[in-house]
Amino acid sequence: MNKDLTVGKPETVLWKFCLPLFGSIIFQQLYNIADSLVAGKFIGENALAAVGNSYEITLIFIAFAFGCNMGCSVIVSQLFGAGKYGRLKTAVSTACIFSAVICAILMCIGIGGCTPLLHLIRTPEEVFADSRLYLDIYVWGLPFVFFYNIATGIFSALGDSKTPFYFLAASSTANIAVDILFVKAFDMGVAGVAWATFLCQGVSCILAVFAIWKRLEKIQASEKALLFDWELLKKILVVAVPSILQQSFISVGNIMIQGVINGFGAPVMAGYSAAVKLNNLVITSFTTIGNGISNFSAQNLGAGKFGRIREGFRAGIKIVWCLCIPFCILYILFGRYFLLLFMEKSSVGALLSGRQFLWIVSPFYFIVSAKLIADGILRGISAMRQFMIGTFTDLILRVVLAFVLSGWLHSVLGIWCAWPIGWTTAMILSVCFYRRACKKMNCED
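What counts and what doesn't
- Residues numbered from 1 in each chain as written.
- Predicted model: local features only at pLDDT ≥ 70, side-chain atom pairs only at ≥ 80, totals over all residues.
- Heavy atoms only, no water.
- Helix = DSSP H or I, 4+ residues; strand = E, 2+ residues; numbered from the N terminus.
- Rg over C-alpha atoms; globule rule 2.2 N^0.38 Å.
- Buried < 20%, exposed > 50% of the residue type's maximum accessible area, 1.4 Å probe, protein only.
- Contact = heavy atoms within 4.5 Å.
- Areas by Shrake-Rupley, 256 points an atom, 1.4 Å probe, with all protein chains shown as cover.
- Lys, Arg positive; Asp, Glu negative; His and termini not counted.
- Charge placed at Lys NZ, Arg CZ, Asp CG, Glu CD.
- Salt bridge = Lys/Arg side-chain N within 4 Å of Asp/Glu carboxyl O.
- Expected span 1.5 Å × (residues − 1).
- Phe/Tyr/Trp six-rings, centres within 6.5 Å; stacked < 30°, edge-to-face > 60°.
- Lys NZ or Arg CZ within 6 Å of the ring centre and 35° of its normal.
- Disulfide = S-S within 2.5 Å.
- pLDDT = per-residue confidence, 0-100.
- Patch = residues over 30% accessible without salt bridge, like charges linked within 9 Å, V, L, I, M, F, W, Y side chains within 5 Å.
- Polar contact = N/O pair within 3.5 Å; in protein donor to acceptor, adjacent residues only side chain to side chain.
- Core = buried A, V, L, I, M, F, W, Y, C linked by side-chain atoms within 4.5 Å.

With that out of the way, let us pick up the overall build of the protein chain. Check the secondary structure of the protein chain and you find 14 helices and 0 strands. In sequence order, the secondary structure elements of the protein chain are arranged as α-α-α-α-α-α-α-α-α-α-α-α-α-α. In summary, the protein chain has a C-alpha radius of gyration of 21 Å against a globular reference of 22 Å for 445 residues, a match within 12%. Across the 445 residues in the protein chain, those meeting the buried criterion constitute 60%. At a minimum sequence separation of 6, the contacts of the protein chain that also span at least 24 residues come to 85%. On the protein chain, roughly 17200 Å² of surface is accessible, and the fraction owed to carbon and sulfur atoms is 69%. Taken as two groups, the 34 positive and 22 negative side-chain charges of the protein chain have centres that lie 9 Å from each other.

In structure tokens, the structure reads:
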């Protein structure tokens, strides 16, 4: 069901819209968590390290899919808010064609480029073969990743956050079962983990694309929809390219950090792999709610209701801080038990590294969540230059400090400390940019 986000009390509207988004991202993360969990519990520590090592490279591909998602979603939201339904349909088909081209290029690059990347990040010999095998299978599933992201972006743009949740809940649950079946019953090792994800993502993609096609058929437009429009592509690219660059550079930065971590050996790699999955569950939840704020801001920008954007920021902060409290408490007090979910026979080094990461990073979830809500509004109103400045500040600081502090302290603790410093600095910038944008739109506090 399509939902107009320009009417109703902003806080109530956002709670109803964002909670299914939060549920969706929980199930989305289950794909990666299930892969690591099954690899660690049923195959071994090296398999866990291999899946975690490969995951950082897959994030580059996901970055492009996410950028296409956001470019389509923000522009469709603005057109939906403005009631321009013919242009809305043209924007959807234009985004799909653009995404198909990008996906094909990335598949060609991935088929030949993953091995050099694995060497570049100093992947240990004992996990290299499994890392390469996982990536080989993952690359062939990229069309499913891209078009599922486009479909969910359109659902969100139309104010429907529940339908993607239903798809993800079913497919993620199935993924866990298929993971265990392929690894435990068929003894397929890391290949079984990768094929399970491939199959389940494929099914969810096909169902989501079919559902969005039927949804768009029901929207009546007074003007004829074109198959492709260069003007709309430019508008999509204004949002998509910075979003792709943001996620790509974050992924490249994470790969560089992974390279530093790899120098400390497989046990530390395994501990980080488990801990970063738990951390990504939280950060991706905040990012997804920020994406919901982008849709809210874009619809209200299209409708000319600027005052509601400021109210959306306040409501968004309440939502993410309500999530910060339980995650912070759970990771600080019970992080050991969550890490053990990924490890059948955990080494002392792996467990200690994971716990230290969670202890240092989790208290700063309140900081990074505020940044991501401000970023969501900046993206929704197409203030992409400011959005990029905040993102790159965080990334550059984290990468540089990971190298400097790990060398200075001769410990992975230096790497873990880079996260809070980068987050805090970038949060200050993003919130300042948000407040300045509000003043320009006459919706200041």
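A word on the side chain of R308. Residue placement: R308 occurs in helix α10 (residues 307–340). E311 provides the closest opposite charge to the buried, unpaired R308, separated from it by 5.9 Å.

With 16 residues, helix α4 (residues 125–140) ought to run about 22 Å at 1.5 Å a step, and its terminal C-alpha atoms sit 24 Å apart, in line with that. All of the buried residues along α4 are V127, F128, S131, R132, Y134, L135, I137, Y138 and V139.

For the coordinates displayed, the defined rule picks out 8 salt bridges. A salt bridge links R87 to E231, with the nearest nitrogen and oxygen atoms 3.8 Å apart. Of this pair, R87 sits in helix α3 (residues 85–120) while E231 sits in helix α8 (residues 230–262), placing them 144 residues apart in sequence. A salt bridge links K235 to E231; the nearest nitrogen and oxygen atoms lie 4.0 Å apart. Of this pair, K235 and E231 are both found in helix α8, 4 residues apart, which corresponds to roughly one turn of the helix. Overall, the relative accessible area of 45% leaves E231 in the partly exposed class. Members of the salt-bridge network, linked through shared partners, are R87, D229, E231 and K235.

On to the packing of aromatic side chains. Summed over all chains, the structure comprises 19 aromatic pairs. With a centroid separation of 5.9 Å and an interplanar angle of 25 degrees, the aromatic rings of F182 and F186 are classed as stacked. The class for F182 is buried, based on a relative accessible area of 13%. A ring pair is formed by F357 and W419, whose centres lie 5.2 Å apart and whose planes are at 85 degrees; its orientation type is edge-to-face. With F357 in helix α11 (residues 348–361) and W419 in helix α14 (residues 413–440), this pair connects stretches of sequence that are 62 residues apart. Positioned over the ring face of W213 is K214, at 5.5 Å from the centre of the ring.

Per the counting criterion, the structure on display carries 0 disulfides. With no disulfide partner, C324 has as its closest neighbouring cysteine sulfur the one in C328, 7.8 Å distant. Taking the relative accessible area as the measure of exposure, C324 reaches 0% and is therefore buried.

What follows covers the confidence of the model for the protein chain. Put simply, the protein chain has an average pLDDT of 82, and 94% of its residues get 70 or more. When mean pLDDT is compared element by element in the protein chain, helix α12 (residues 365–380) scores highest at 91, while helix α1 (residues 10–43) scores lowest at 73.

So, about a positive patch on the surface. Taken together, the side chains of R385, R436, K439 and K440 present a region of like positive charge at the surface. Broken down by element, the positive patch gets its largest block of residues, 3 residues, from α14. Its location among the elements puts R385 in helix α13 (residues 384–409). Of the residues examined, R385 reaches a relative accessible area of 59% and is grouped as exposed.

A separate point is the side chain of T90. Along the chain, T90 falls in helix α3. Within the structure, T90 has its side chain in polar contact with the backbone nitrogen of L226 (distance 2.8 Å). Leave out the neighbours within four places in its chain, and T90 touches A225, L226, L227, F228, D229 and L232.

Counting residues in each nonpolar core, the largest one holds 129 residues, and the members touching the most others are F286, Y365, I415 and W419. Once residues lying within four places of it in the same chain are set aside, the contact partners of Y365 are N279, V282, I283, F286, C324, F327, Y331 and W423. Counting 12 residues, the second largest nonpolar core, distinct from the first, contains Y134, V183, A194 and F198.

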